[in-house]
Structures are given as C-alpha cells and as structure tokens.
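Working through the structure, step by step
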Protein chains: 4
Amino acid sequence: MSVFEPGAERKFAFGRGPIFGSVLMPDGRVAPVEPWELIYQLGDVGAWGVALHDDEIAPSGATPAELDDNLDKVSKALDSTGMVVSMTRTNLTGYPVFDHGTFTSVDREVRRYAIQKAMRGIDVGAELGAELHDLPAEGVSSVAARSPLDALDRYREAIDFLCGYICDQGYSTRLAIPAKSAARHGGPLIATIGRALCFVNTLDRPEMVGLNTGLAHQASPGGCHGVDQALAVGKLFNVELNAHAGHEPSPGFCSASVSDAFFLVKLLVETNYDGPLHFDLDVNYLGGAAGICDLVGGCTRTYGALVAKAKRFADDPEIRDALTECGATELAEPSVGPFCPDAGRALSVERFDALAMTSRRCRGQRLDQLVADLVLGLR
Amino acid sequence: MSVFEPGAERKFAFGRGPIFGSVLMPDGRVAPVEPWELIYQLGDVGAWGVALHDDEIAPSGATPAELDDNLDKVSKALDSTGMVVSMTRTNLTGYPVFDHGTFTSVDREVRRYAIQKAMRGIDVGAELGAELHDLPAEGVSSVAARSPLDALDRYREAIDFLCGYICDQGYSTRLAIPAKSAARHGGPLIATIGRALCFVNTLDRPEMVGLNTGLAHQASPGGCHGVDQALAVGKLFNVELNAHAGHEPSPGFCSASVSDAFFLVKLLVETNYDGPLHFDLDVNYLGGAAGICDLVGGCTRTYGALVAKAKRFADDPEIRDALTECGATELAEPSVGPFCPDAGRALSVERFDALAMTSRRCRGQRLDQLVADLVLGLR
Amino acid sequence: MSVFEPGAERKFAFGRGPIFGSVLMPDGRVAPVEPWELIYQLGDVGAWGVALHDDEIAPSGATPAELDDNLDKVSKALDSTGMVVSMTRTNLTGYPVFDHGTFTSVDREVRRYAIQKAMRGIDVGAELGAELHDLPAEGVSSVAARSPLDALDRYREAIDFLCGYICDQGYSTRLAIPAKSAARHGGPLIATIGRALCFVNTLDRPEMVGLNTGLAHQASPGGCHGVDQALAVGKLFNVELNAHAGHEPSPGFCSASVSDAFFLVKLLVETNYDGPLHFDLDVNYLGGAAGICDLVGGCTRTYGALVAKAKRFADDPEIRDALTECGATELAEPSVGPFCPDAGRALSVERFDALAMTSRRCRGQRLDQLVADLVLGLR
Amino acid sequence: MSVFEPGAERKFAFGRGPIFGSVLMPDGRVAPVEPWELIYQLGDVGAWGVALHDDEIAPSGATPAELDDNLDKVSKALDSTGMVVSMTRTNLTGYPVFDHGTFTSVDREVRRYAIQKAMRGIDVGAELGAELHDLPAEGVSSVAARSPLDALDRYREAIDFLCGYICDQGYSTRLAIPAKSAARHGGPLIATIGRALCFVNTLDRPEMVGLNTGLAHQASPGGCHGVDQALAVGKLFNVELNAHAGHEPSPGFCSASVSDAFFLVKLLVETNYDGPLHFDLDVNYLGGAAGICDLVGGCTRTYGALVAKAKRFADDPEIRDALTECGATELAEPSVGPFCPDAGRALSVERFDALAMTSRRCRGQRLDQLVADLVLGLR
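Conventions we followed
- Residues numbered from 1 in each chain as written.
- Chains lettered and ligands numbered in written order.
- Predicted model: local features only at pLDDT ≥ 70, side-chain atom pairs only at ≥ 80, totals over all residues.
- Heavy atoms only, no water.
- Helix = DSSP H or I, 4+ residues; strand = E, 2+ residues; numbered from the N terminus.
- Buried < 20%, exposed > 50% of the residue type's maximum accessible area, 1.4 Å probe, protein only.
- Contact = heavy atoms within 4.5 Å.
- Areas by Shrake-Rupley, 256 points an atom, 1.4 Å probe, with all protein chains shown as cover.
- Salt bridge = Lys/Arg side-chain N within 4 Å of Asp/Glu carboxyl O.
- Polar contact = N/O pair within 3.5 Å; in protein donor to acceptor, adjacent residues only side chain to side chain.
- Nonpolar A, V, L, I, M, F, W, Y, C, P; charged D, E, K, R; others polar.
- Least-squares fit on C-alpha atoms with pLDDT ≥ 70 in both.
- Pairing = 2+ DSSP bridges.
- pLDDT = per-residue confidence, 0-100.
- Core = buried A, V, L, I, M, F, W, Y, C linked by side-chain atoms within 4.5 Å.
- Expected span 1.5 Å × (residues − 1).
- Phe/Tyr/Trp six-rings, centres within 6.5 Å; stacked < 30°, edge-to-face > 60°.
- Axes fitted to C-alpha atoms, helices over the stretch in contact; angles between N-to-C directions.
- Parallel < 35°, antiparallel > 145°, perpendicular 65-115°, else oblique.
- Left-handed = near helix turned anticlockwise from the far one by under 90°.
- Disulfide = S-S within 2.5 Å.

Some details on the overall build of chain A
Within chain A one finds 13 helices and twelve strands. Expressed as a percentage of its 379 residues, the buried residues of chain A come to 62%. For chain A, the proportion of contacts with a sequence separation of at least 24, taken over those separated by at least 6, is 76%. Looking at chain A as shown, the accessible area adds up to about 12,900 Å², and 49% of this sits on carbon and sulfur atoms.

Thoughts on the interface of chain A and chain B
Between chain A and chain B, the contact holds 90 residues from the first and 90 residues from the second. Applying the counting rule to chain A against chain B returns four salt bridges. Close ionic contact of D228 of chain B with R195 of chain A constitutes a salt bridge, the shortest N to O distance being 2.9 Å. Scanning the region where chain A abuts chain B turns up 38 residue pairs in polar contact (both at pLDDT 80 or more). Counting only elements with at least two residues in the side of chain A that touches chain B, the list comes to helix 4 (108-127), helix 5 (148-169), helix 6 (193-200), helix 7 (227-232), helix 8 (258-270), helix 11 (341-349), helix 12 (354-360) and helix 13 (364-376) of chain A. With eleven residues, helix 5 of chain A is the single largest residue contributor to the side of chain A that touches chain B. Grouping the constituent residues of the side of chain A that touches chain B by class yields 47 nonpolar, 23 polar and 20 charged.

Examining the relation of the copies chain A and chain B
Two chain copies here: they are related by a rotation about an axis and a translation along the same axis. Superposing chain A onto chain B takes a rotation of 180° combined with a translation of 0.0 Å along the rotation axis, leaving an RMSD of 0.0 Å. Such values leave the two copies arranged in the relation of a two-fold axis. Proximity to the rotation axis, assessed at the C-alpha, singles out G194 of chain A in chain A; its C-alpha lies 2.1 Å from the axis. In this assembly the copies share their binding face: 100% of the residues contributing to the interface of chain A also contribute to that of chain B.

Side note on the pairing of strand 9 (residues 236-241) of chain B
Residue and element names in this part refer to chain B. Burial runs high along strand 9: six of the six residues are buried. Relative to strand 9, strand 8 (residues 209-214) is paired through four bridges, and the arrangement is parallel. Each residue of the ladder has a partner; that of G214, found in strand 9, is E240.

Brief notes about unusual backbone geometry
Residue and element names in this part refer to chain C. Despite not being glycine, N272 has its phi angle at roughly 55°, a positive value. Counting through the fold element by element, N272 comes out in the loop between helix 8 (258-270) and strand 12 (277-279). Classification of N272 as exposed rests on a relative accessible area of 63%.

Re the confidence of the model for chain A
Detailed reading of the predicted model is not advised wherever pLDDT is low. Residue and element names in this part refer to chain A. Predicted confidence across chain A gives a mean pLDDT of 84, with 84% of residues reaching 70 or more. Looking at the elements of chain A, mean pLDDT is at its lowest for strand 11 (residues 248-249), recorded as 38, and at its highest for strand 6 (residues 132-134), recorded as 97. Long-range and interchain partners of residues 1-8, a stretch whose pLDDT sits below 50, account for 19 contacts in this model, where long-range means more than four residues apart.

With respect to the pattern of salt bridges
Pairs may arise between side chains of opposite charge once their charged atoms sit close together. Taken as a whole and judged by the stated rule, the model has 76 salt bridges over all chains. Residue R301 of chain B pairs with D373 of chain D through a salt bridge whose shortest N-O separation is 2.8 Å. Remark: D373 of chain D occurs in helix 13 (residues 364-376) and R301 of chain B occurs in helix 9 (residues 288-315); the pair is interchain, linking two chains. Via salt bridges that share partners, R312, D316, E318 and R379 of chain A belong to a single interconnected network.

Quick look at the nonpolar core
L42, I159 and I177 of chain B together with L42, I159 and I177 of chain D are the most contacted members of the largest nonpolar core, which has 218 residues in total. Beyond its immediate chain neighbours, meaning those up to four positions away, I177 of chain B contacts L135, Y155, I159, A196, F199, V200, V209, G210, L211 and N212 of chain B. I177 and V296 of chain A, C198 of chain B together with L347 of chain D belong to the second largest nonpolar core, which has 213 residues in total.

Structural notes on helix 4 (residues 108-128) of chain C
Residues and elements named next belong to chain C. Taking 1.5 Å of rise per residue, the 21 residues of helix 4 would be expected to cover 30 Å, and the 31 Å separating its terminal C-alpha atoms lies within 8% of that figure. Counted residue by residue, helix 4 has 15 buried out of 21 residues, so it is predominantly covered. Residue G129 follows helix 4 closely and has a positive phi angle near 80°.

Observations regarding the packing of aromatic side chains
Scanning the model with the defined rule gives 52 aromatic pairs over all chains in all. Between F98 of chain B and Y113 of chain B the ring centres are 5.5 Å apart and the planes differ by 20°, which places this aromatic pair in the stacked class. Of this pair, F98 of chain B sits in the loop between strand 5 (84-89) and helix 4 (108-127) while Y113 of chain B sits in helix 4, placing them 15 residues apart in sequence. With respect to burial, F98 of chain B and Y113 of chain B carry one shared label: buried. The rings of F12, F14, F279 and Y303 of chain A are connected pair by pair, giving a single aromatic cluster.

Topic: the sheet that holds strand 6 (residues 132-134) of chain D
All names here are of chain D. One closed barrel holds the eight strands; their spatial order is 1-4-5-6-7-8-9-12, and the pairing between them is parallel. Taken pair by pair, the neighbouring strands of this sheet meet at an average axis angle of 30°, ignoring direction. Against the sheet, helix 5 (residues 148-169) engages strand 7 (174-178) and strand 8 (209-214), with an angle of about 155° to strand 7.

Let's talk about the packing of helix 3 (residues 64-81) of chain C against helix 4 of chain C
Residues and elements named next belong to chain C. Axis separation between helix 3 and helix 4 bottoms out at 10 Å; the angle between their running directions is 40°. In this view, helix 3 runs oblique relative to helix 4, as classed from their interaxial angle. Taken as a pair, helix 3 and helix 4 cross one another with a handedness that is right-handed. Residues L67, L71, V74, S75 and L78 of helix 3 form the contact with helix 4, whose participating residues are V124, E127 and L128. In terms of residue class, the contact of helix 3 with helix 4 is built from six nonpolar, one polar and one charged.

A word on the side chain of H278 of chain A
Residue and element names in this part refer to chain A. The topology assignment puts H278 in strand 12 (residues 277-279). For H278, a relative accessible area of 1% gives the class buried. Setting aside chain neighbours within four positions, we find H278 in contact with A13, F14, G15, A51, M87, R89, N238, V239, E240 and L241.

So, the packing of helix 4 (residues 108-127) of chain D against helix 5 of chain D
Residue and element names in this part refer to chain D. One can describe the packing of helix 4 onto helix 5 by two numbers: an axis separation of 11 Å at closest approach and a directional angle of 35°. The two elements helix 4 and helix 5 meet at a crossing, and its hand is right-handed. Contact residues: helix 4 offers R111, I115, A118, M119, I122 and D123, while helix 5 offers R154, A158, F161, L162, Y165 and I166. Among the residues forming the contact of helix 4 with helix 5, the class breakdown is nine nonpolar, no polar and three charged.

A look at the sheet that holds strand 8 (residues 209-214) of chain C
Residue and element names in this part refer to chain C. Ordered in space as 1-4-5-6-7-8-9-12, the eight strands form a closed barrel in which the pairing is parallel. Strand-to-strand, the axes of this sheet are offset by a mean angle of 30°, without reference to chain direction. Here three bridges tie strand 1 (residues 12-15) to strand 4 (residues 49-53), and the two strands are oriented parallel to one another. Opposite F14, over in strand 4, you have V50 as the bridge partner. Sheet strands in contact with helix 5 (residues 148-169) are strand 7 (174-178) and strand 8, and its direction is about 160° off that of strand 7.

Topic: helix 1 (residues 35-44) of chain A
By the burial criterion, the buried members of helix 1 of chain A are P35, W36, L38, I39, Q41 and L42 of chain A. Positive phi appears at G46 of chain A, one or two residues downstream of helix 1 of chain A, with a value of about 85°.

Quick notes on the pairing of strand 8 of chain D
Residues and elements named next belong to chain D. Of all six residues in strand 8, six are buried, a share of seventy percent or more. Bridge analysis of strand 7 against strand 8 gives four bridges, and the strand direction is parallel. Residue pairing across strands places A176 opposite G210, the latter belonging to strand 8.

With respect to the side chain of S86 of chain C
Residue position: S86 of chain C is located in strand 5 (residues 84-89). Not counting the four nearest positions on each side in its chain, S86 of chain C is found in contact with A13, W48, G49, V50, A51, E131, L132 and P276 of chain C.

With respect to the environment of D54 of chain C
All names here are of chain C. If you trace the backbone, D54 turns up in helix 2 (residues 54-57). Overall, the relative accessible area of 4% leaves D54 in the buried class. As for D54 and G121, which are separated by 67 residues in sequence, their C-alpha atoms are 4.6 Å apart. The contact partners of D54, leaving out residues within four places of it in the chain, are R89, T90, N91, K117 and G121. A polar contact is formed between the side chain of D54 and the side chain of K117, at a distance of 2.7 Å.

A closer look at the state of the cysteines
Enumeration over the complete set of coordinates arrives at zero disulfides over all chains. No disulfide involves C167 of chain B; its sulfur sits 6.7 Å from that of C163 of chain B, the nearest cysteine.

Okay, structure coming up:
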C-alpha cells in the first residue's frame, strides 16, 4: 500500500501545541521555540503550512520595530521553506482577563479588548498572507451571570464587526469559529458543529465565516456526522486531524479511534475537500528537530494510508458488490420525489410487504467486515 | 413558596412511556392501557394534554371501522376531560423493518413505507385536533453503508413531502423533529439541536418544522445552551421535561440535575415559552391511577417550584444586586456596535488596563452561591 | 498475514443477543430460534461454545418433562456439533418483577425469588456441563430507597448462598459477576472491574467467583486498564469481546475502537488467557444461517488478525528496538526494591539530573507510530 | 433551616487550586500567595485545615535554612489560627520530567526521583503534624510502551517502599491514593475507587493506605456508589467535595449536581465519617481575602444545608413512612441467611407469586418526590 510523502500533494499544516514546538530549558521546564525556527523545522520535513498565534508574532507590549522584525523573520522562513501560514489564531491561553469569556464576557471592556486583540491577529495574518483567522472558543464560568441569548447577540456583534473590519482593510481573510464541547472555564457557547453552522447563518456576511473543527472537537457522537453537514454547505474552512481517547489527549493522529479517522478521511476524499489538513498535536514528547520529524512523518504517513484505504473502498470490486447488495447505492435515489397531490394519494394507498422488506436487511455485516478488513490492512 | 396546581395554568402534557401508562397483566408482564383510559386517568389529575402514538389509534391492519371506533373513544375522553392531544407521534418501536433507518434507510421501499406511516399519523392527529406531529429520531447500524450526505438529502425529501401533504390536506399541523444523541441502532443523523436547526433552514417550508427537545435529548453539554438557540429562532415547538443521570433514565423530572432543570425552566420563563410542557417519563413504577396521580403531581409540583424560583431570581433584591455587581446586566449592551471605519480605528488604538479588568472579575461567586441557596430553598 | 479459522484452536463462544440468533416471524417481528437450532448453526461455522440463558432451557412454568426434553435436545446438539456450553446465565430481561433489583431489591421476597431463579439456572448449567454461571448486573431505580451499604450486604449474602448451594450439590460450577456501568433501571451496584474484584475478596468463597467483562462493559477509561487487574489476580473467568461506539451498540467486534481491541487482545495473548472468547453481539442484522456464518466468520477473523498483530508486536525487530529505545523494557525492573533503612537513606540523598531525564523522553512517538502501522496493516 | 458556621464543628479543609489562593500580578497573570498567607486568610474565615503541596514548603533547590524558615512561618500561622495541616501532597504539576509517569515511568531513574520527592513531602508533612500524605494520580502517554501489569508492580513497589520509610522514621503518617478517571497525559492507572481498593489490598501494609476521592474524581457513575465501598471498608481517608458539570470544572461545591451532592453528604452523615471535608476548588475567581471568604463561606454553607437535609431525611415522619411503604427498611434484613442444605432445599421449592410481587412495587415515586422536595427546600 503506497503512502503519501509528507507535503507531496497534501496541504499538511501544523501549529504549536502545549509541548509540540517547544524546547527543554535548563530548569527542566519547556519553552516555545521561536515561530521562525518552528517553520524551518517543519519545512525540513515537507510540511505545507503553519498555524501561528497572534502573540507569537505580536506579543502584548511589542514595539512596532519588534513586530516588524518578527514579521520579517517569519517571512524569510516562509520564503526559504516554501511554506505558507495556513491560518493565524487569536490566542487567549494564559490571559486571566479572558477567563470569564472574551466576546461574550459580562464585562463590556473585556469584550472590546478581545475584539481589538482579534483585529491585531487578523492584521498579522494579512501581513503574512494567511487566508484564514481562527477565533477562540467561548465559555463562561457562571451560567447564572450570563443570559445565553444575550451572549449569542454579543458573539454575533463581535464577528460582524470583525468581518466589517476585514472588508474595510481590503483583506481577503476568512474567519473560522470552533465547535468545541470543552471550552475554557465553563459550558461552551458553541458546542456543536450544527450550532456553529446555525449561528453563521445569522451573521451579516455569512460567506466570510466557516468552521475549524474535526473529530475531537465536536460534542456530537457519530464520528463524521457533523463534519458532513459542514462540508455539505461549504463551511469546513479548516479540518483538525486529531484524536482523543475518552477525554484524554492522544499523542498522534487517529491513535484513539482508527475507524472514526477512516470515515472522516473517506468523507474528505469523497467530497474533494481541498482545505488545510491541520494536525492538532496535543503531545508531550520532546526531542527537538528529531521529534518533530518523527511526529510529522507519522501523522502524514497515517493520513496517507487512510486516503489509500478510502480510495480502495471506492474501487474494490468486492466492497462495491457488498455496497450494492446491502442497498447502499440506492440511498442516492429519491424516495418519493417532490410532493404533488397525485404522489400523495398514490403513496397513501401503496401496499407494503413489511416481512419481505425486513428479510432483505440481511447482508450489511458483510460490508462491515470488509471495512474492518480494509482498516486492519487485511485487504 | 407557592406551587402550581397540576394543569391550572400550564400546558402540562404526558404520553405513554415504556411503563408509565401500562398495567400489570396476569402473566407478570406489563401491557399498555388503552389511550382513552390513559386520558381519563390524566384528566383526573388535571393534565392539559396527551401525546399519542399513531398506532395507539391506528394499529397496523386496523379496519376503517376500528379506526373510527378508536377515534371516537379518544374524542369522547378528550371532551369529557377537557384535555387536548398535544401532539401525535410516528411510532417505530417494535418494528424490525425500521431497525436500519426510516426516512434514510438504504432500502427505498422502507423509506416510502415510513413516509406513508407518518402520513397516517398526521391524519390521526388532524382528526383529533393535534397541532403538532412528532417524527422519530433517525439512526443506522452501518456507517459504511450510508453516505451521510445522501442521508441528509433523503431526510429533507421526506419532510418536504410530508409538509406538502399537510398543506394539500388543509391541515394546520406543524412537524417536530428530535435532536437526540442516542438513536435506535447506531449513530444518530441529527444528534444536536444546532444540527436540527441548521437542517430545518434547508427545507422547502422551514416555518412548518421545529424541534421537540429538552435536557436529556441533546448531545451538547451546557444545560440549556442549545434549547436557548431553538428558542431564539422560535423553533422550540415542544419542550421535553425529563432528566438523565449519566446515561441512565431517571424516574422523574429533574431528579438528576436540579441545577440544569432550574436553568432550563428559568429560560422558558424568561422567554415566555407557551408551548406544551411535555413530561417524558421513562419510569418503571406501576400503580395504576394512584401511581399516575403521584407521578403527575410530583412532576408538576417540581416544575411549579422551579418556576417560582425563576421568578424569585428575577425579583430578589440581593440577587439583582449580585447580578449588577458582577456585570451580568451589562451583557445586553452592545460591545462595539455595527462596524464603521471610524469605530474600527477608534477600537484599534484604544488602551485597555488588563490588570484593572482582571481585578474586576472578583465577585461572581456571590451570585453563584445565591443561586445555590435559591435552588436548595435557603432563600 | 494468516488469520485463524473459526474454532480451530480458540474457544470462540456466542450467545443469543436481542436479534442475533433470532428469526423473522410472519408478523414482521423477530423471535428467538430454539437454542438447539442456534447450536447447530454455530457448530456449522466452527464455534467452540454457546452461552445459554436459564429460561431458554427452563422457562417459567415448564413441566419436568418439558425441561428434560429441552435438555435432551440441547445435549444432542452439543454432541452432534462437538460444542460445549461455555456458560449459563440468569436472565432477567422482560421480567418486570426484577425492574427494581434482584439480589438487592428492597422487597425481600423478590430477593429470594431471584436467588431461586439463579439456583435453577445453575442446575441447568451443571446438567449441560457448563463450568461457569453468569449472574446479572444489579441496579435500582430509586437511590433514596436503597442504602448502598445494605445493598452490598445483600449482594454478598446472595452470592455466598449460591456458592454454598453449588458446593452442596457437588457441582464444579464457578460464578461470574459483571462489571457494568450501565445497569437496567438506575445506577449500577458494581460499575467497575475494580469494584467487582474488591467485592469478590469479601466473599466466603472468593475462589469460586470471578468476572465476566470486556471493553464495553466497564466504566473505567483506559482500554484494558481494568481487564489487566482482573487478569493479574486470575479473576477474568470470561472475556466479552464487543465494542461500543460512544453509547451505541456496535455491530461487530472492534468496529468501534480498533486500538482498544488490539491492546486487549495483546494483553490476552501476553498473559496466556485461555478462557472463553465470548462475542457479545448486539447486532440487528438478520439472515438466518447465512447471517450467522457471516458474523461469526467476521468476528473470529478480526480476532485472529489481532492475535497475529500482537505476535508481530512481540517479534518485530524494529518494534523491539523502539521498545528498548523508549525504555519500555525497563519497567519490569524494580525501582528501589524492598525498603530497608540503608536503601531509604541512600535514596534520600541521591542526586538526580532532571534535565537529563527529561531529555531522554524523546522517542516514544516512534513506537506509537509503529503500533499505528501495525494496526493499519502497514507493517 | 439552620446552617453550620464555617469550622464550627466540621473539619473543613482547603488547599490551593489553580487560581484559588492566588493573587493577581502587575503583568495581568496570577501567582500563588505564600502558604502562610493562605493559612491566615483561611483561618480568618474559620477553616479547620489546609492541604499543602510539598514544594510550597520545600521547593526544588531550597537550602536547609530556607526550608526551616518556611516550616517556621507555616507553624506560626497554624499556631496563630488554630488550624491544622489536613494533608501534604506530592506535587508534580509543571514538571515535564514526570509527564510520562512517576512511580510507573518507563525510566527507572524517574521512578526513583519521584519516590524521593514523595519522601521529602512526607518529611514536610510529619514536621507540620499532617496525618495524611496524598500521592499523585499515575498516567502515561503511550499505552504501547507500558505493560499495565508491570506498571501495577512498580506502583506497589513504590508505595511499599514509602510505607517502610514512614515506619522507619517513626512517623504516624498514612498515605492516600487518588481514584481518578482523568490523569495527566494519558490513560490513568487507577481510574476507579474499586480498583484503588483492590490495589491497596495487595500492599505490604494495607492498613496505612487509603483513598482521597469524591464525586468528581471517580470514573464510575452512580454518585456515591464507589465512595460507599471505600467507607464500608474504612478506606475513605479524605473526601473531596467538589463538582463537575459534564467535563467542566465547576466553581463551587455541588453547583453541578445537587442530588449527587446530597446523597454523598447523606452517606457521610449516616456512616459518621469524621475525616477531613476537603473542598477541592477549581475556580477562577480572584478577589483576595474577600473572595476566599465568599468561597469558603459558600461551600461550608452549602455543606451545612445538605447535612441538615440529610438529618431531616432521617427524621421526617412522612419520609420515614414512604421508606417503609416502599420497602427500603427491609433491605437491612437478610434474604436467605447463610447457606445450609435445608435452607437450599426450602428455597428451591418455595412458590412465589410474581404478580403480587410486581404489584407491590408501586409507591417508590412518592419517596423520590419527597427527596426532590427536600433537596429543593419545599419541606
């Protein structure tokens, strides 16, 4: 089974995690490497893109000269490696001022501060050619203190404002919002992909806003049943390829649920998804350049293997036969067509043989086993 | 603290559960009581409405005469008790033909059969004056056999067809779809409230379709954060008042999470929800009329107590003071208003004192404790 | 990669599930096949054992003649196929009298009735040569009505009594208790493997009682971290090979989490587990003998493939090298040995280089990727 | 309803959380207050005990003089406030060297380093008169790299060594191990209370080791079903009073599930638990002394209210009547007594009236509603 080489034809992107992209300090703690160093390391192993936090480039209190210097170093690293910035992100981790919410904090000044921070992150991204800016998950500690309807209004107001800002600046940036069941400090405002999509539809410029999501970030069960809906309406702006085993972070892509990962990759292949493939690595391995090489190589290797399996699923004659046998191909056919009185009358008097229909439902297990074989590499 | 009397001013509705509404048979098993008997029993304890399954009135194979007889008996019971049918429901439990899906089965004939069954249920509801018809949760065993995008298309087609049928018949029925994280046999098609709302927006007649949901049926965490969004867009057609402790059914309303129930009721009160208050009782207590009286009395008593607590939350001077103190009332104020270049420029250069803002966040625990006191009856 | 043939050398066992082992009736519902028919069907595909419910042989109200006749038919089927009864089980499903608990019901008469039913099931098993009898999971609806400490006392009393009965009858039967996070009707009494083991230690004859458990039945996360402890103390009497995707039943072995299944099988191989390999099939596919053939073939094929992968894990030179490299082989070495004052003094003044130790931890991802490759069939 | 004053008669204890016990720094981040300052603050609001991390007193690299100075300041604060150190804890947070495990790390030197660190924490505790030392939860990133059976052996070896050390030093310290479903970095070694108890039984000196656990730390569902078993065998050394809403930390005691908290407190009252009542506050409210006063006051107030409700449960005539009516009091009676052949024979031929038994099960909902009323303050 052939496996993709890193970066060869896929938009593999990486960003700094809590430890990925860090180095060990003499005191035994870890510290992040400079973003340009991370870019050189990723470029060496063939990555396509890097996701950057706003304050990796424009930390609070940076002078214009420092900002320019940082932008310059990153630009050089991008030029040198041929990489792109896949997205910028508004980072809130480590800022206690945002512990009770950002765009939906009960404190109006905090809300304004968060919007300003996002504007600066968008500026940085535009400067570096990023097409996407990723907004943080909203959550609050005290349910009592926050009307959920007001919170939705404030979230909408903030994003409408940011879209207005982007247009006014002449940027082509699009915004991504997360669908996360676990937000910082309390119940999440937007816990599910469906809720996020529904929210986007209420915005002034819905076409500018989509989702950054994946298997590990959505509350809804059912694997890709959620990503599918985002894909169906063209709203999957960035897919996160990660995996959680239960509620634990997991060291690499698909190490938790191979089947879920397979069905997600299959869906991406079938729908010709061509956005970034962002590996969200919540690992705690160190090892500098060698460690990055191992991890990036492993993730892209696994992804490539799943793509090959998805293609095999489409082409394998026995799987095609099993699909037909269990009726899967029939699902694309209309059941009744659009309603018209004649169709209604006809259906209301149609006679069905429930016994015969029940009897037909008998060979799905063959397909399931073929998929198990495919995932395990037995075919 | 005053508590509502059952039915006095609230639309309390009940339907048959696996055991609620059943009687013990001589062989030691349970059997459902006839629907008209259930109506008389519920009427005796002051219930407002009853939810009926289609085949409680129109079982498979019933003759027109039998159907008329059933309709007649139910109508008499409704007249006699002054109750209404709050909704009819398409029942699929116990039909193996639907084990692999209904409107989205891979078998086209099964899909047509399911639509026909729903049409009959809608007919029964219209005959009995029900304003709402509740559709079943969709789910399938084999992920491999079903394209999620095709499944969404089939689900949409079925509901569009049913809406067309309703209009053509001149009914005023509206449809409710569930948002359930646990469907029969496999991953659910519509697991979350947000997904359901998003789906409704794609229908031919979105105004005819809303949600039947509540605390126990949604995948998203965060209590009412999901019901809020349905309420915000006028799509909560029927609220289910139930409770699950972990993944276990729970014998009465709010026996699992009192706080979640409180915040849900508070939200219903604040938004002036006036639809049915449907108690979805997944209990296994028997006891005939006496048992029903106890259960209905308990559920409505608890609901009434939570309404009283919600009103107290709004009126209590100390709670109002704590809300103001922690900034909660500020959340209704715009953060930045609509974007305009001047507003953007002003915000981008505004200076914020993060330290002062962080320091302000210090008194939310007083509000949280007041809510704990309120829930526990200490104030 | 070679794959075991069904039954060739493994103790593959099956029992009836809600649909597995059922046939479609003319009214469109399903009914269980007679147990001897199931045995012939399983024997045809090379199964080793069958698990039988007590009332499949001795239904309530059966005459002694009917019981003898059933025993006779099962014995003939066993003889003819060469199969064994891997265990008998006390079945409580469908008996409302047990809805509020069995051995720990608040009703003393119900408790006695449940013990009597278990005695009859044990008799049936002894008659058929079963070495194991499986007791049901305990749970109750009303937490308020039941003191958990009293409930534990009653559970212990019942099992001590049954062990006494078994010894008195001269049977060699051992008892299995489940560790289930989801019991019928309310919180489970014994939710975890650890709790079950701890409980067994308090019994009069702890050597007679062990566990029937597996991946899908335990509350604790961490895959085999639970089964391991049962294995370590010789208490895994029957392993259940099943899989749940989230809270949904899953159609075949390991269709939910391939990695969890792999690590469980690896553990069984490494510890030379030689008890029954019981496939607990919660499927809803029908299909008579052909369907059973497909399912049994698929489950045993997957199991065999995982055994082969586990052996490959042990033998593969690169994996062995990665294990050594990341220190895995060191874990079998004592850290400090038994305490003695000298060892304590020496350790208390030992100097550690935390930085060097942290730096060493850098190549675990190579091993993880080799495992991913192994599971996916890439090596 | 009267409510306990903080500290009046209860062993209320607190320790530093991620934010509780911290102060806001000029750069907008938070920093822990010195432990003696926390003691003075807690003493002012009537707390009984404080839990201290080893490195709050003996940070890595501290000179003997610094250590003495810290011990001296803490001792003075304890004397001045009349408080005790309820337990010391081995802290591992923020030490990357322990990211892959402590006592069960694959690196033998790391295991020795962790044991040494625990010895020093025990020394600090003994110096300060703490009767309990709390060990950290074990977890690892890579399942593949660690044999669970070896890991259990190493964990046992470490704790046996520490017990030997404690005896050798003449300390009276007892050790507490956690039962946590979510450990740092990967699947937990000891996820459940039952597993922890089972493990303790295998130690050299099981009498010296017990559990530090509570509602939010155990994997098993069913509220106090787990704590009960620890209580039953005298192994609940420290109860953690905390609450999680879903997977989110929750700001105060019982803010997530009031019912679970009630049943836990009821159990503690009924079993005369007299160990520390440790509030594990995972809050993100600041506010210095005023904030601590609010939080401590709220937690102890809620606890006191639940104690009062538990006593009311025991004394209320209507609840006592409902308990009798539904048979709850019968659960303390033996079902069958010890086995003897006569008892076995008698039971095997006893005739039961399943119908009558099922009919009896009809009034449990009255009790459940009385509990709901009690929790909500309606009685």
